[in-house]
Amino acid sequence: MSTTTSTAGGIDRDDLARLAEHWDEPRSLRAWFTTVDHKKIGRRYLVTAGFFFALAGLSALVMRTQLARPEAGVLSPDEYNQLFTMHGTAMIFLFATPMLFGFGNFLVPLMIGSRDMAFPRLNAFGYWVFLFAGLFMWASLPFGAAPNNGWFAYAPLNQEQHNPGLHMDVYALGLLFLGISTTSGAINFIVTALKLRAPGMSLNRVPLFVWAIVATAFMVVFALPALNADNAMLFLDRRFGTHFFDPGGGGNVLLWQHLFWIFGHPDVYIIVMPGLGIVSAVLPAFTRRGVVGYPLIVLAIVAISIVSFGVWVHHMFATGLPQLSYSFFSAASTIITIPSGIQIFAWLATMLLGRLVLRTPLLFVIGFIVTFVLGGFTGAMFALTPFDQQVTDSYFVVAHFHYVLLGGALFPILAGIYYWLPKITGRMYHEGLARWAFWLFFIGMHVTFFPMHLIGLFGMPRRVYTYRGGLGWDVGNLISTIGAYLLAVSLLLTLIGVVHAVRRGRPAPADPWEGDTLEWSAASPPEPYNFPVIPRVHSLHPTWDERTAESTTTGATEDRILSEGRRTLFTSELDARSERAAEMPEPSFKPLVLAGALLVFFISMLLAWYPIAIAAVVTVAATLAAWLWPVRRPDEELGVAS
Amino acid sequence: MTDRGGAVAAATGAEALSTELPVGRPTSWWGMVMFVATEATLFACLLGSYFYLRFQYGPQWPPPGIEDPKLLKPLVMTAILLPSSLPVMWAEHGIRHGQRWRLNLGMAATFVMGTSFLVLQGTEYDEKLHMFTLTSNAYGSLFFVITGFHGLHVLVGLSMIGWLLVASLRGGSFGAHRHDRVRNVAIYWHFVDTVWVAILFTIYLSPRL
């Protein structure tokens, strides 16, 4: 049983009973497949992304075992190629973004005081597509047909004549399939944050985490098409004989790189930005004050998401482009460190001015700052073209982006897991176990990746399946492998901690951390309708604010209870003035059917069963037509002039 | 002109003037606009690829053996596709006033125009295929993929319009208070139209510059 904080005052038992009647879903198999509840979908995103993370992490562990000593024979070169490609591809596309979208799915409606996402069925559809696309890509590994070209899949190696077999077809189709999920999720976040905020939550009262998710969603909307165009052309080149990346036919291999990095660099921020948002969400609870410089952080978030589209060529400094473009992109890459720096200093100032409560989530935030700054430091070195040209494609690069991605995404994700676990599961985690997990993780991370800087500078190229002894790389590689095992132990401890909390943890109160955002005003775990009364927001820290609390108890009004039906409130985009109560959709099988038809389409394209692919397209169109088919209404209600 | 329902007074009152504009976009409008934004970016990437490959290719474009694209047919296609947005607008304004006949008539007119465009594109392909194909060289790949991708969008737009027409003819679907779907289909159709101008410029006009 969960505790409800606001039964007294303006809302009575009848309202609660009606809300439960309209929003509750029975515990049945049918309900499992048809749910549109953003909290269940968010949880599924988190668990599924966690599963893909485990697979990608185990791939890395096998690779580190292979590299522990020179000329080891754990893996064949071909197996190694597939493992490092799947490791990178899955970590980027199947773990980092969906994991953070999982947090967003669970938290955005709660943080803005809404009862669901703007498009709940699209949300369910996005999850199913993510699940199917992930399985589609991983299923190729047992067949020895997994992508094997590195996560950025450069031409001309990705072409049929250089890389026969299904490997890169799986890559191109899998990412196109997954793109449908990411794009629909991003659009859903944008619209939810624009239209479903609780009344009074004007743009200058939107939590920083929501700002970060929305900025990320905008980057997805404008960056992902470049990757999709790239992959579509790749598949056409491989399967249907076009010549986009084939110099023999008038194509150009660098076209692949340009399009890939036009997507790829914003993607770094697509991954890191929600992580930074988690940091801004966690800090107030453990420093007992708001984050310093809210408007500056918002501006930094917006600035990063725009400038990130102007730095892609710094991934291509070693490709022989004109010097002038190097100067431009070098400058842009230097400029983008400024808004990142603003955020770091704002967090440091918050910690300096606040009263620190040293619990596990804060430990991970501190670990994040240390690690991310080190990664940013090597990043600033890359912005200098001559240095970049020396170390490109060496282990120095591997060290750099693991510092950035583990620092910028994984530390915040782990902080977020511990921070929101009480809200998501309704149970508290074991603090001692969590601290062990943190210290092992922090030490394991640096033991694994710091030596890579050195072996990179000593000349070890990335993506080699083995190396000769006596080149000065042996010790570094061995240390790195030991670190990888430490990391694995720490993540296992985290998993045990989560399972232990779900099974044995003591029940969590609604607001165990005395946090400032609205999710802490809901029950733990939240009711299916999130809020018995949709609050009226009066400040940036609504849960610390008495007037906002009052609006859900003694000040509750009928227009925010909305118990007659499955309804939530739409408000205006900028000032969040009440516009109207809107009916939310019921559970439905259609999202699953649509995603399933798309899965059939992509499988049959992969295996060249084109008639089945056509049948799948027809099914997709028919499902969409039925999904959006308007309900029949009487002419008076529609407003038809006869 | 009389102030029907106090619309002018409501729009010029203190409350209205101090309130942000525009007021009350529905969620589906935002959803469609964002979808169109991401689709437009996709076309921008394809057209960008065209110019990239063209300028990397060398002085002669189209490549030797392929003559400059003829303009007559694509201009006729443009003359059909671009005005096809007008009946959509007329239909949308009609249903906002509850006039279902305008919706039906406008959508039917656009459907015919869009279909004619696709038929003409089919004959255009028939001509080009004698000269080059998808697999001849990068020029052929770009030509057929970009125009084909746009043709696919026209087909999707036509499906939407056909779907709207069927729903409208069934009755009980749209009226002055319920026309979100009409507006969203209209946005998509305008997009498909507009993007054609960029394709006309890139594929047909730019090689002659």
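Residues numbered from 1 in each chain as written. Chains lettered and ligands numbered in written order. Predicted model: local features only at pLDDT ≥ 70, side-chain atom pairs only at ≥ 80, totals over all residues.

Going by what an unreviewed UniProt entry lists, chain B is known as cytochrome-c oxidase and is assigned to Micromonospora pattaloongensis. For the record of chain B, the UniProt heading Sequence similarities (unreviewed entry) holds the text "Belongs to the cytochrome c oxidase subunit 3 family." The UniProt entry for chain B carries the following text under Subcellular location (unreviewed entry): "Cell membrane". (UniProt positions renumbered as here; feature names shortened; annotations may be inferred.)

Chain A has the name Cytochrome c oxidase subunit 1 in an unreviewed UniProt entry, where Micromonospora pattaloongensis is given as its organism. UniProt lists a comment for chain A under the heading Catalytic activity (unreviewed entry), and it reads "4 Fe(II)-[cytochrome c] + O2 + 8 H(+)(in) = 4 Fe(III)-[cytochrome c] + 2 H2O + 4 H(+)(out)". Regarding chain A, the UniProt comment filed under Pathway (unreviewed entry) reads as follows: "Energy metabolism; oxidative phosphorylation."

Novice: Let's hear about the overall build of chain A: which residues, and what values?
Specialist: Each helix and strand counted, chain A has 21 helices and 2 strands in total. What you see for chain A is a C-alpha radius of gyration of 25 Å, in line with the 26 Å of a compact globule of 642 residues. In terms of its C-alpha atoms, chain A occupies a principal-axis envelope of roughly 75 × 65 × 50 Å. Sorting the 642 residues of chain A into buried and exposed places 54% on the buried side. A separation of at least 24 residues holds for 81% of the contacts in chain A among residues at least 6 apart in sequence. (Helix = DSSP H or I, 4+ residues; strand = E, 2+ residues; numbered from the N terminus. Rg over C-alpha atoms; globule rule 2.2 N^0.38 Å. Buried ≥ 20, exposed ≤ 12 C-beta atoms within 10 Å, placed from the backbone. Contact = placed C-beta atoms within 7 Å.)

Novice: Which residues make up the overall build of chain B, and what values go with them?
Specialist: A tally of helices and strands in chain B yields 8 helices and 0 strands. By residue count, 32% of the 209 residues in chain B fall in the buried class. Counting only contacts in chain B whose residues sit at least 6 apart along the sequence, the fraction spanning at least 24 positions is 79%.

Novice: With reference to specific residues and values, describe the interface of chain A and chain B.
Specialist: Taken together, the 47 residues of chain A in the interface contact 43 residues of chain B. Looking at the side of chain A that touches chain B, the elements with two or more residues in it are helix H6 (167-195), helix H7 (208-240), helix H8 (253-287), helix H20 (610-627) and helix H21 (635-638) of chain A. It is H7(A) that provides the largest number of residues to the side of chain A that touches chain B, a total of 9 residues. When its residues are assigned to classes, the side of chain A that touches chain B shows 27 nonpolar, 12 polar and 8 charged. (Nonpolar A, V, L, I, M, F, W, Y, C, P; charged D, E, K, R; others polar.)

Novice: Help me get a handle on the environment of His190(B), residues and values and all.
Specialist: Here His190(B) shows up in helix H8 (residues 180-205). Once the C-alpha coordinates of His190(B) and Phe117(B) are considered, the two residues, 73 residues apart in sequence, prove to be 15 Å apart.

Novice: An account of the nonpolar core is requested, with residue identities and associated values reported.
Specialist: Note that soluble globular proteins tend to have their nonpolar side chains buried in a common cluster. Residue and element names in this part refer to chain A. Judged by nonpolar contacts, the single largest core of 241 residues is most densely connected at Phe95, Val129, Ile190, Val210, Val214, Val282 and Ala415. Among the elements that line this core, the one with the most residues is H7, at 22 residues. When residues of this core are assigned to domains, at least three map to each of domain 1 (13-465 + 492-520) and domain 2 (596-629). Discounting residues that sit within four places of it in the chain, Val129 has contacts with Phe177, Ile180, Ser181, Ala595 and Leu598. (Core = buried A, V, L, I, M, F, W, Y, C linked by C-beta atoms within 7 Å. Domains from an automatic or database assignment.)

Novice: Run through the packing of H8(A) against helix H12 (residues 360-382) of chain A, naming residues and quoting values.
Specialist: Residue and element names in this part refer to chain A. At a minimum axis distance of 10 Å, the contact between H8 and H12 shows a crossing angle of 130 degrees. In terms of axis orientation, H8 runs oblique to H12. Considering the relative orientation of H8 and H12, their crossing is left-handed. Here H8 contributes Val279, Val282, Leu283 and Phe286 to the contact with H12, which in turn contributes Pro361, Leu362, Val365 and Phe368. (Axes fitted to C-alpha atoms, helices over the stretch in contact; angles between N-to-C directions. Parallel < 35°, antiparallel > 145°, perpendicular 65-115°, else oblique. Left-handed = near helix turned anticlockwise from the far one by under 90°.)

Novice: Which residues make up the confidence of the model for chain A, and what values go with them?
Specialist: Across chain A, the average pLDDT comes to 94, with 98% of residues at or above 70. The low-confidence segment residues 1-8 of chain A, where pLDDT is below 50, has 20 contacts with residues more than four positions distant or belonging to other chains. (pLDDT = per-residue confidence, 0-100.)

Novice: Tell me about the UniProt feature "domain: Heme-copper oxidase subunit III family profile" (unreviewed entry) in chain B, and name the residues and values.
Specialist: When the UniProt feature table is mapped onto this chain, "domain: Heme-copper oxidase subunit III family profile" (unreviewed entry) is found at residues 30-208 of chain B. Helix makes up 78% of residues 30-208 of chain B and strand 0%, with an end-to-end C-alpha separation of 39 Å.

Novice: So what about the domain arrangement of chain A? Which residues, and what values?
Specialist: Residue and element names in this part refer to chain A. Split into domains, chain A comes out as domain 1 (13-465 + 492-520) and domain 2 (596-629). Using only C-alpha atoms to locate each centre, domain 1 and domain 2 end up separated by 29 Å. Of the residues lining the interface, 9 residues belong to domain 1; the matching set on domain 2 comes to 5 residues. Contributions of two or more residues to the side of domain 1 that touches domain 2 are made by helix H5 (120-138) and H6.

Novice: Explain the pairing of strand E1 (residues 567-571) of chain A to me, and be specific about the residues and the numbers.
Specialist: Consecutive side chains of a regular strand alternate in pointing toward one face of the sheet and then the other. E1(A) sits mainly inside the fold: 5 of its 5 residues count as buried. Between E1(A) and strand E2 (residues 578-583) of chain A, which pair antiparallel one after the other, the connecting turn spans 6 residues, and Ala576(A) there sits at a positive phi close to 55 degrees. (Pairing = 2+ DSSP bridges.)

Novice: Give me the lowdown on the UniProt feature "transmembrane region" (unreviewed entry) in chain B, citing residues and values where you can.
Specialist: Residue and element names in this part refer to chain B. UniProt records the feature "transmembrane region" (unreviewed entry) at residues 29-51, 103-122, 142-166 and 187-206, using the numbering of this structure. Its end C-alpha atoms 29 Å apart, residues 103-122 is made of 100% helix and 0% strand. Measuring from the first to the last C-alpha atom of residues 187-206 gives 27 Å, for a span that is 95% helix and 0% strand.

Novice: How would you sum up the packing of helix H3 (residues 38-67) of chain A against H5(A)? Please name residues and give values.
Specialist: Residue and element names in this part refer to chain A. It is at 10 Å that the axes of H3 and H5 come closest, and there the two elements cross at 15 degrees. Taken together, H3 and H5 sit at an angle that is classed as roughly parallel. Crossing of H3 over H5 shows left-handed handedness. Contacts between H3 and H5 involve His38, Ile41, Arg44, Tyr45, Thr48, Phe52 and Leu55 from the first element and Pro120, Asn123, Ala124, Tyr127, Phe130, Leu131, Gly134 and Trp138 from the second. When its residues are assigned to classes, the contact of H3 with H5 shows 10 nonpolar, 4 polar and 1 charged.

Novice: Explain the pairing of E2(A) to me, and be specific about the residues and the numbers.
Specialist: Note that E1(A) and E2(A) share 5 bridges and pair antiparallel. Paired with Thr568(A) across the strands is Ala582(A), a residue of E2(A).

Novice: How would you sum up the confidence of the model for chain B? Please name residues and give values.
Specialist: Detailed reading of predicted coordinates is not advised where the pLDDT is low. Across chain B, the average pLDDT comes to 91, with 89% of residues at 70 or higher. What the predictor reports for the complex is a pTM of 0.94 with an ipTM of 0.94.

Novice: I'd like to hear about the environment of Gly505(A), residue by residue, with values.
Specialist: All names here are of chain A. Locating Gly505 in the fold gives a position in the loop between helix H16 (474-504) and helix H17 (546-552). The class of Gly505 is partly exposed, set by 19 C-beta atoms lying within 10 Å. C-alpha of Gly505 to C-alpha of Pro422: the two residues are 83 residues apart in sequence and 9.3 Å apart in space. Other than its neighbours up to four places away in sequence, Gly505 contacts Arg427, Met428, Tyr429 and His500.

Novice: Lay out unusual backbone geometry with the relevant residues and their values.
Specialist: In this structure, the amide linkage connecting Ala155(A) to the following residue, Pro156(A), adopts the cis form with an omega of 5 degrees. With respect to the helices, strands and loops of the structure, Pro156(A) is situated in the loop between H5 and H6. The omega angle of the peptide bond from Trp61(B) to Pro62(B) is 0 degrees, so this bond is cis rather than trans. Not every positive phi belongs to a glycine, and Ala576(A) is a case in point at roughly 55 degrees. Even without being glycine, Ala608(A) reaches a positive phi, approximately 60 degrees. Assessed through the 11 C-beta atoms surrounding it within 10 Å, Ala608(A) is described here as exposed.

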